[in-house]
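Chain by chain, the residues run as shown.
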Amino acid sequence: MTASGAGVVAVDMAHAELTSGYLSGSTSGRYTYDLTHATVGSVRVDTEMPTFGDARIHQTTFDGFDFSSYRTELEDHEWSLHDDSFEPIIPIIDPPALFYWLGWPLFRSVFAPVIVTLQTLVAGYRISKVRKEGQQEDEEPPEDRLPRQETDPKIMDDESVTGPVTERDVEEIQTTYLKAKNGSNQVGATKIASEFFRREMHFRQVLHAVNVFSGSSPVINLVRWAENGVLRISAGYGERVKRVLASAFFVILGFAGLYGIVGTPEVNSIGDAMAVSMGSFVTLVFSDTPQFASDFLQLAAMIEGFLGALFSALLVFTLTRSIHR
């Protein structure tokens, strides 16, 4: 089968059950597949075709699909399955080369998730405005904006990419990654599943952010958004061992700065401050608590010891998940 002279051919497979088969490309054109709400089983894909960049994978169920065979293609597309048109509003989970000009990968690994976390709050605010505007609109939509499509969006539908991003869009993208994660685990592609899990949690944080500004319980949703952010920053949702180590290092460094700034007889140099901070951080591991004349610094050392215990548990948890995968 060819697509001679057609350029791009959109193949509608929405709601279909594809138990087996072969999604091919063409030497004289290009196929894109609409897999919205489809069930994809043991289907093979033409690796010469940019499937994960062109096909519409939207709330698609994977039942026996061999993700491991397409790991390279997924990596090239940064594990992204959803419509790229949402990216101007919703930040991507792993910004490329952020802060790399500093020359310190450690800074990138720590501060990139911090910035993305803050960007999700901004995205939530923008999407919440769409919800509020939708509640106040009349039946006739503004002339400068296309109406939202009630049925499943198709690959070639302009409305699927030109309308404003809504809360429903975010919920459906999160569900897409949830189903992809479950499908990956089903066939034993656990490392691929971990990438889809991180994106599922990423869009869940965006949902929390939306509800901060327009939900019925803004405080509760703010706490949920913050909890999600802490998990992202400190451990990459339990999938990034290096992020745990980097976060622990900056905690030690921050408390060392506190001890140095406040100034005590026990701290006479930067080396002393770092040694005291590291001792406080591991105090609940080695039962050797640094003693300060200042009650304030003694309390700070106890807090750092508590954080050290948390990071130790988090490191064990993340290592266990990594080894298991």
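Residues numbered from 1 in each chain as written. Predicted model: local features only at pLDDT ≥ 70, side-chain atom pairs only at ≥ 80, totals over all residues. Heavy atoms only, no water.

Quick notes on the overall build of the protein
No. 1: Scanning the protein from N- to C-terminus turns up 11 helices and five strands.
No. 2: Burial analysis of the protein (325 residues in total) assigns 42% to the buried set.
No. 3: Pairs at least 24 apart in sequence give 60% of the contacts found in the protein among residues at least 6 apart. (Helix = DSSP H or I, 4+ residues; strand = E, 2+ residues; numbered from the N terminus. Buried < 20%, exposed > 50% of the residue type's maximum accessible area, 1.4 Å probe, protein only. Contact = heavy atoms within 4.5 Å.)

Remarks on the pattern of salt bridges
No. 1: Under the counting rule described, the total for this entry stands at 10 salt bridges.
No. 2: Residue Glu195 pairs with Arg240 through a salt bridge whose shortest N-O separation is 2.9 Å. Taken together, the positions of Glu195 in helix 6 (residues 190–214) and Arg240 in the loop between helix 7 (218–235) and helix 8 (241–262) put the pair 45 residues apart, joining distant regions of the chain.
No. 3: A salt bridge links Glu200 to Arg204; the shortest N-O distance between them is 3.1 Å. Separated by four residues within a single helix, Glu200 and Arg204 lie in helix 6, roughly one turn from each other. (Salt bridge = Lys/Arg side-chain N within 4 Å of Asp/Glu carboxyl O.)

Re the packing of aromatic side chains
No. 1: The tally for this structure, following the rule as stated, stands at 11 aromatic pairs.
No. 2: Aromatic pair Phe67 and Phe196: ring centres 5.6 Å apart, planes at 70°, arrangement edge-to-face. Taken together, the residues span a long stretch of sequence, with Phe67 in the loop between strand 5 (61–62) and helix 2 (71–76) and Phe196 in helix 6 at a distance of 129 residues. This pair shows no difference in class: Phe67 is buried, exactly as Phe196 is.
No. 3: Residues Phe249 and Phe250 carry aromatic rings whose centres are separated by 5.5 Å and whose planes lie at 85° to one another, so their mutual orientation is edge-to-face.
No. 4: Through successive ring pairs, a cluster of aromatic residues spans Phe62, Phe65, Phe67, Tyr70, Tyr177, Phe196 and Phe203.
No. 5: The ring of Phe197 has Arg321 sitting right over it, with the charged end atom 5.6 Å from the ring centre. (Phe/Tyr/Trp six-rings, centres within 6.5 Å; stacked < 30°, edge-to-face > 60°. Lys NZ or Arg CZ within 6 Å of the ring centre and 35° of its normal.)

Some details on the environment of Trp225
No. 1: Take Trp225: it is sitting in helix 7.
No. 2: Spatially, the C-alpha atoms of Trp225 and His208 are 5.3 Å apart, while their sequence positions differ by 17 residues.

Focus: the confidence of the model for the protein
No. 1: Averaged over all residues, the pLDDT of the protein is 80; the fraction at 70 or higher stands at 75%.
No. 2: Of all secondary-structure elements in the protein, the lowest mean pLDDT belongs to helix 4 (residues 159–162), at 44, while strand 5 reaches the highest, 95.
No. 3: Every residue in residues 137–150 is under pLDDT 50, and counting partners more than four places away or in other chains gives 17 contacts.
No. 4: In this model residues 158–162 is a low-confidence stretch, pLDDT under 50, and it forms 12 contacts with partners more than four residues away in sequence or in other chains. (pLDDT = per-residue confidence, 0-100.)

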